[in-house]
Amino acid sequence: KNQVEQSPQSLIILEGKNCTLQCNYTVSPFSNLRWYKQDTGRGPVSLTIMTFSENTKSNGRYTATLDADTKQSSLHITASQLSDSASYICVVSRWVTDSWGKLQFGAGTQVVVTP
Amino acid sequence: GAGVSQSPSNKVTEKGKDVELRCDPISGHTALYWYRQSLGQGLEFLIYFQGNSAPDKSGLPSDRFSAERTGGSVSTLTIQRTQQEDSAVYLCASSSPPGTHTGYTFGSGTRLTVV
């Protein structure tokens with residue numbers, strides 16, 4: 001079973017609207033959680049990184065939240081733009097010295113922003 | 001270079017042929033990782049290099065897959081006797097020493113299609 005579950009699998013939103021993506025994880029012990037944006041045909045690009053002691057992190061119109069107690073994270077996109085159309089991937093790692101290869105990836109949420 | 005470079009960007013091969021995928025990491029990045037992303041699936045770890053050695057090969061799906069890295073820089077992923085289930089996007093990432101919070105950088109990937 002995947003240790004990182006994302007929802008919804010996909011969503012369509014109108015340009016200018018807000019949306020929130022969810023990430024639930026069972027990875028333990030937890031070190032940090034990252035959100036990546038992956039445009040079609042491109043590699044993932046980091047949006048935010050949060051450790052267990054951080055509960056919110058912003059990057060422009062992207063705001064990530066983290067509740068390490070309930071093992072839930074969300075990514076909020078404000079005033080969406082057409083360029084926000086992409087797959088958003090939640091990535092969780094166990095502890096800071098763990099091999100990066102042991103990062104656990106969610107399957108992603110495909111976001112489509114329409115005019 | 002400025003980013004992680006992968007080549008070719010697209011590769012179509014016949015079933016049973018061998019293929020080589022190349023990854024040129026960011027200059028100075030000692031760690032290099034290969035991942036595979038099948039259609040609609042999350043990222044699947046394949047192998048991790050620290051310098052020229054591969055301390056973690058646990059993700060290689062079969063003995064048809066191998067990878068090497070020379071000079072602590074360029075890496076090649078070789079798939080022998082390709083099968084249709086090998087069709088996927090193969091992503092490479094590089095980072096400064098593992099365990100840092102700075103994240104790591106992905107290449108744009110090689111889209112492999114086995115026909």
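As the structure is a computational prediction, the values presented were derived from the model and not from experiment.

Novice: What is the right way to read the packing of aromatic side chains from this model?
Specialist: Two aromatic rings, taken as a pair, are described by how far apart their centres are and by the angle between their planes. This model, assessed by the stated rule, comprises 6 aromatic pairs over all chains. Taken together, a centroid distance of 5.1 Å and an interplanar angle of 10° make the contact between Y33 of chain B and Y48 of chain B stacked. Within this pair, whereas Y33 of chain B is found in strand β4 (residues 31-37), its partner Y48 of chain B is found in strand β5 (residues 43-50), the two being separated by 15 residues in sequence. An identical accessibility class is assigned to Y33 of chain B and Y48 of chain B; each is buried. Note on Y35 of chain B and F106 of chain B: the rings are 5.9 Å apart at their centroids and 50° apart in plane angle, and the pair reads as tilted. Of this pair, Y35 of chain B sits in strand β4 while F106 of chain B sits in strand β10 (residues 105-106), placing them 71 residues apart in sequence. Taking relative accessible area as the criterion, Y35 of chain B reaches 0% and is therefore assigned buried. Residue classification places F106 of chain B among the buried residues on the basis of a relative accessible area of 8%. Each member of the aromatic cluster is reached from another via a ring pair, and the members are Y36 and F105 of chain A together with Y35, F45 and F106 of chain B. Here the guanidinium or amino end of R61 of chain A rests over the ring plane of Y62 of chain A, the centre of that ring lying 5.8 Å away.

Novice: Quick question: what am I supposed to make of the nonpolar core here?
Specialist: For soluble globular proteins, the rule of thumb is that nonpolar side chains tend to be buried together. Among the nonpolar cores identified, the biggest contains 24 residues, and L21, Y25, L33, W35, L75, Y88 and V92 of chain A are the most heavily contacted of them. When contributions to this core are tallied by element, the ones reaching two or more residues are β2 (10-14), β3 (19-25), β4 (32-38), β5 (45-51), β7 (62-67), β8 (72-77), β9 (86-93) and β11 (109-114) of chain A. Residue contacts for L33 of chain A: discarding those within four places in its chain leaves C23, Y25, T48, I49, M50, L66, S73, C90, V91 and V92 of chain A. Counting 19 residues, the second-largest nonpolar core is a separate cluster that includes L32, L46, F49 and V114 of chain B.

Novice: Honestly, the sheet that holds strand β3 (residues 19-24) of chain B in this entry has me stumped. Any pointers?
Specialist: Adjacent strands of a sheet pair through backbone hydrogen bonds, lying either parallel or antiparallel. Residues and elements named next belong to chain B. With antiparallel pairing, 4 strands are arranged side by side in an open sheet as β1-β3-β8-β7. Edge positions in the sheet fall to β1 (5-7) and β7 (65-69), since each of these pairs with one other strand and no more. Across the sheet, the mean angle separating the axes of adjacent strands is 15° when strand polarity is ignored.

Novice: When you look at the sheet that holds strand β6 (residues 56-59) of chain A in this model, what are you seeing that I'm missing?
Specialist: Residue and element names in this part refer to chain A. Here 5 strands make up an open sheet; going across it, the order is β1-β3-β8-β7-β6 and the pairing antiparallel. At either end of the open sheet lies a strand with only one pairing partner, and these are β1 (4-7) and β6. Strand-to-strand twist of the sheet, defined as the mean angle between neighbouring strand axes without regard to direction, takes the value 15°.

How each quantity is defined
Residues numbered from 1 in each chain as written. Chains lettered and ligands numbered in written order. Predicted model: local features only at pLDDT ≥ 70, side-chain atom pairs only at ≥ 80, totals over all residues. Heavy atoms only, no water. Phe/Tyr/Trp six-rings, centres within 6.5 Å; stacked < 30°, edge-to-face > 60°. Helix = DSSP H or I, 4+ residues; strand = E, 2+ residues; numbered from the N terminus. Buried < 20%, exposed > 50% of the residue type's maximum accessible area, 1.4 Å probe, protein only. Lys NZ or Arg CZ within 6 Å of the ring centre and 35° of its normal. Core = buried A, V, L, I, M, F, W, Y, C linked by side-chain atoms within 4.5 Å. Contact = heavy atoms within 4.5 Å. Pairing = 2+ DSSP bridges. Axes fitted to C-alpha atoms, helices over the stretch in contact; angles between N-to-C directions.

Structural measurements only, silent on function.
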